[in-house]
Amino acid sequence: MNSKETSFLSRVRSILPDLSPAERRLGDFICDFPSEVATYSAQELAVLAHVSKATVSRFIQRLGYESYEEARRHARLDRQSGSRLFLTTADTTGEQSVAANLAQGIANIEETFRTIGESQIGTAAEAILAARKVWVIGFRASFAFATYLQWQLTQVIENIVAIPGSGQTFGEHLVSLSPDDVVIFFGLRRRVSQTDMLLDQIARSGARLLFITDENVDYETRSQWHFRCQTLAPGPLFNHTAVMALCHLLIMRCIEIAGARGRTRLRNIETLNDALDEL
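The shown structure was predicted, so the numbers you read here are calculated from the model rather than taken from an experiment.

1. Regarding the packing of helix H9 (residues 141–153) against helix H12 (residues 241–276)
Part 1: One can describe the packing of H9 onto H12 by two numbers: an axis separation of 10 Å at closest approach and a directional angle of 20°. Here H9 lies roughly parallel to H12, going by the angle between them. Note that H9 runs across H12; the crossing there is right-handed. Contacts between H9 and H12 involve Phe145, Tyr148, Leu149, Gln152 and Leu153 from the former and Val243, Met244, Cys247, Ile251 and Cys254 from the latter.

If you want it as structure tokens, here you go:
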């Protein structure tokens, strides 16, 4: 089996129209709660889906697996990809409480900064301020954090850009990368397929890389700094509280280190805002 060719959920969806009523009930259940296959035995899955164990066995065979264990292994690979469907479980009942979400957000921040020290934040901020140019990259959920960080850092850094812009290609930007630059790359799951190619190109350019990811990414050897943020959540969405906290710390440290030069730029920005009556 090559999990790269067809994902576990793609296999399930492809056979749904041809299933018997009992098998269809099981298939719909798995599409809604795929994590149960990765977690439970065939007997436990049958109970959860209200079908017989024999139905589970026939269903697994229809998917093309030799055993339930092979299907579980494939489902676990899908889960590692970061699909939000795998964060939803059938035994979750009622609304997620405000207290539970707050507690998880606090826990995520504490766990994240248990491995990110003051000196790491400081050296990254110093490099950002000293860079010829700062490039910020992010896709999907990461795009929002990339544009937010770029917007905030514009207050103290003149030459900073979030790429690619609308209608632009990466080649048009990466051709200008130099060893004097810093790239801030948000690689939160689920990552796009060209992530590794982009990391290779950044490494070849000699630019220093600040890589910001979730907790499930191995240390990136092509980076000078790799900050891993915990994103656990009680529901089907990742909790990015720690990512925003990290952005805030990086921004504040850059403003502090920029000192008088940074304050002058901030003052000039505010003067222009007043003169143009923009705010």
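Back to the write-up after that little detour.
2. Thoughts on the nonpolar core
Part 1: In terms of nonpolar packing, the biggest core is built from 34 residues, with Ile128, Leu153, Ile184, Phe186 and Phe227 touching the most fellow members.
Part 2: Within the residue set of this core, elements represented by two or more residues are helix H8 (118–130), strand S1 (134–138), H9, strand S3 (182–187), strand S4 (208–214), strand S5 (225–229) and H12.
Part 3: Per element, the largest residue contribution to this core is 8 residues, and it comes from H12.
Part 4: Excluding residues within four positions of it along the chain, Phe186 makes contact with Val136, Ile137, Gly138, Ser142, Phe145, Ala146, Leu149, Ile212, Val243 and Cys247.
Part 5: Among the nonpolar cores identified, the runner-up in size contains 25 residues, and Leu9, Phe59, Ile60 and Tyr65 belong to it.

3. Section: the pattern of salt bridges
Part 1: For the structure on display, the rule yields 15 salt bridges.
Part 2: Arg24 is paired through a salt bridge with Asp28; the nearest N and O atoms lie 3.1 Å apart. With Arg24 and Asp28 both in helix H2 (residues 21–32) and 4 residues apart, this pair spans about one turn of that helix.
Part 3: Of the charged contacts in the structure, one is a salt bridge between Asp214 and Arg191, with a shortest N-O distance of 2.8 Å. Residue Asp214 is located in strand S4, and its partner Arg191 is located in the loop between S3 and helix H11 (195–205); the two are separated by 23 residues in the primary sequence.
Part 4: Looking at Asp214, the relative accessible area reads 1%, which means it is buried.
Part 5: Each of Arg189, Arg191, Asp214 and Glu215 takes part in one network of salt bridges that share partners.

Conventions and cut-offs
Residues numbered from 1 in each chain as written. Predicted model: local features only at pLDDT ≥ 70, side-chain atom pairs only at ≥ 80, totals over all residues. Heavy atoms only, no water. Axes fitted to C-alpha atoms, helices over the stretch in contact; angles between N-to-C directions. Helix = DSSP H or I, 4+ residues; strand = E, 2+ residues; numbered from the N terminus. Parallel < 35°, antiparallel > 145°, perpendicular 65-115°, else oblique. Left-handed = near helix turned anticlockwise from the far one by under 90°. Contact = heavy atoms within 4.5 Å. Core = buried A, V, L, I, M, F, W, Y, C linked by side-chain atoms within 4.5 Å. Buried < 20%, exposed > 50% of the residue type's maximum accessible area, 1.4 Å probe, protein only. Salt bridge = Lys/Arg side-chain N within 4 Å of Asp/Glu carboxyl O.

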